[in-house]
Amino acid sequence: MSLASSLTLNDDLDVRVLAEAFAQDGRLHIPGILEAGAAQRLHSALSVDPDWVLATLTGGEAADIPLGDINYWSPQRQTAFAEATARDAAAGFHFMFDSLRLTALLKSGQRIAPLYRDLHDFLNGPAFLAFARALTRDGRIRHADVQATRFRPGHYLNAHDDDRPGVGRLYAYVLNLTPDWRADFGGLLTFLDDAGHVSGAWTPTFNALNIFRVPQEHAVSPVARFAAGHRLSITGWLRQDDPPILPH
């Protein structure tokens, strides 16, 4: 059975109740968003995927570095890279995590696993987009861009608000796909108030959808060295600009 035929929203979700809750703070944590078997298949696929790249900033510029390339760096180069990224992260906005940029790969004409294409089609299909519009009470939502992320021990995403004028971002979403995660493993999605205090935080609960209005100051706390596994998720933005034309 394909993922496309089984990836559905949980029938027990009451979108009217969820919309009332979302309206209060412009953000919401929704447990049990998908049929459980489909969420488990996504987790299994991401756990063994060989094509992750390291997403980070180097010299102030975004970079996607194939993990296989890093394995061939000399010890001196790896040490210098670690020291430079630590300095940059301490100074301001920075990030480090593994990525599969599914929408970008599709736009460039590259082939992705059928499982991932089915996921991309589901998140851009009528059922999910109708749910997102009803939840946010925002009819401007036209499509979702999609990225898989993997946070290994030491990975992080520093505070930012996702606001980029002209690119159509309305809401950010995170579909969490790691079973048995504890808050003390880190990797929490945290929200910050104007004074820099944490005003709320969500543990990456398996098969839960986190969604929040853009802009909001938020971060992902560093994953602890003792974390029992990797923080896996599907992330992106619900957008109002024209959907990309994707080859089939």
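Read on for a plain summary of the structure.

The rules behind the values
Residues numbered from 1 in each chain as written. Predicted model: local features only at pLDDT ≥ 70, side-chain atom pairs only at ≥ 80, totals over all residues. Heavy atoms only, no water. Helix = DSSP H or I, 4+ residues; strand = E, 2+ residues; numbered from the N terminus. Rg over C-alpha atoms; globule rule 2.2 N^0.38 Å. Buried < 20%, exposed > 50% of the residue type's maximum accessible area, 1.4 Å probe, protein only. Contact = heavy atoms within 4.5 Å. Areas by Shrake-Rupley, 256 points an atom, 1.4 Å probe, with all protein chains shown as cover. Lys, Arg positive; Asp, Glu negative; His and termini not counted. Charge placed at Lys NZ, Arg CZ, Asp CG, Glu CD. Pairing = 2+ DSSP bridges.

## What about the overall build of the protein chain?
Scanning the protein chain for helices and strands turns up 8 helices and 13 strands. The C-alpha radius of gyration computed for the protein chain amounts to 18 Å, which stays within 12% of the reference 18 Å derived for 248 residues, consistent with globular compactness. Going through the 248 residues of the protein chain one by one, you find that 49% of them count as buried. Of all intrachain contacts in the protein chain linking residues separated by at least 6 positions in sequence, the fraction that spans at least 24 positions is 80%. Of the roughly 12,300 Å² that the protein chain leaves accessible, carbon and sulfur atoms contribute 53%. Charge centroids of the protein chain, computed over 22 positive and 28 negative side chains, lie 3 Å from each other.

## Some thoughts on unusual backbone geometry
Residue Pro215 is bonded to the preceding Val214 through a cis peptide linkage, with omega at 5°. With respect to the helices and strands, Pro215 occurs in the loop between β11 (209-213) and β12 (218-220). Despite not being glycine, Arg137 has its phi angle at roughly 55°, a positive value.

## Let's talk about the environment of Arg213
For Arg213, the location among the structural elements is in strand β11. Here the alpha-carbon distance between Arg213 and Arg169, two residues 44 residues apart in the chain, equals 9.0 Å. Ignoring anything within four residues of it in the chain, the contact list for Arg213 reads Phe22, Gly26, Leu170 and Tyr171.

## Here's the deal with the pairing of strand β6 (residues 147-151)
Of all 5 residues making up β6, 5 are buried, and the element is well covered by its neighbours. Residues Gln147, Thr149 and Phe151 of β6 are buried on one face, and the alternating residues Ala148 and Arg150, pointing to the opposite face, are buried as well. Where strand β4 (residues 95-100) lies against β6, 3 bridges are found, and the strand directions are antiparallel. Residue pairing in the sheet places Leu100 in a bridge with Ala148 of β6. Direction of pairing for β6 relative to strand β13 (residues 231-239): antiparallel, over a ladder of 5 bridges. Among the inter-strand pairings, Gln147 is bridged to a residue of β13, identified as Thr235.

## Details of the pairing of strand β2 (residues 53-58)
Counting buried residues along β2, 5 of its 6 residues qualify, which places the element largely inside the surrounding structure. The pairing of β2 with strand β3 (residues 61-66) spans 6 bridges and is antiparallel. From the neighbouring strand, Leu57 faces β3, where its bridge partner is Ala62. In sequence, β2 turns back onto β3 through a hairpin of 2 residues, with Gly59 there showing a positive phi of about 60°. Of the pairings in the sheet, the one linking β2 to β4 comprises 4 bridges and is antiparallel in character. Among the inter-strand pairings, Thr56 is bridged to a residue of β4, identified as Met96.

## Section: the side chain of Asn207
In this structure, Asn207 sits in the loop between β10 (198-202) and β11. The contacts of Asn207, once residues within four sequence positions are left out, are Ile30, Pro31, Gly32, Ile33, Leu34, Ala36, Ala39, Leu175 and Asn176.

## Comments concerning the environment of Arg137
By the secondary structure assignment, Arg137 is in the loop between α8 (126-136) and β5 (143-144). As a C-alpha pair, Arg137 and Phe22 span 115 residues in sequence and 9.4 Å in three-dimensional space. Residue contacts for Arg137: discarding those within four places in its chain leaves Ala19, Glu20 and Ala23.

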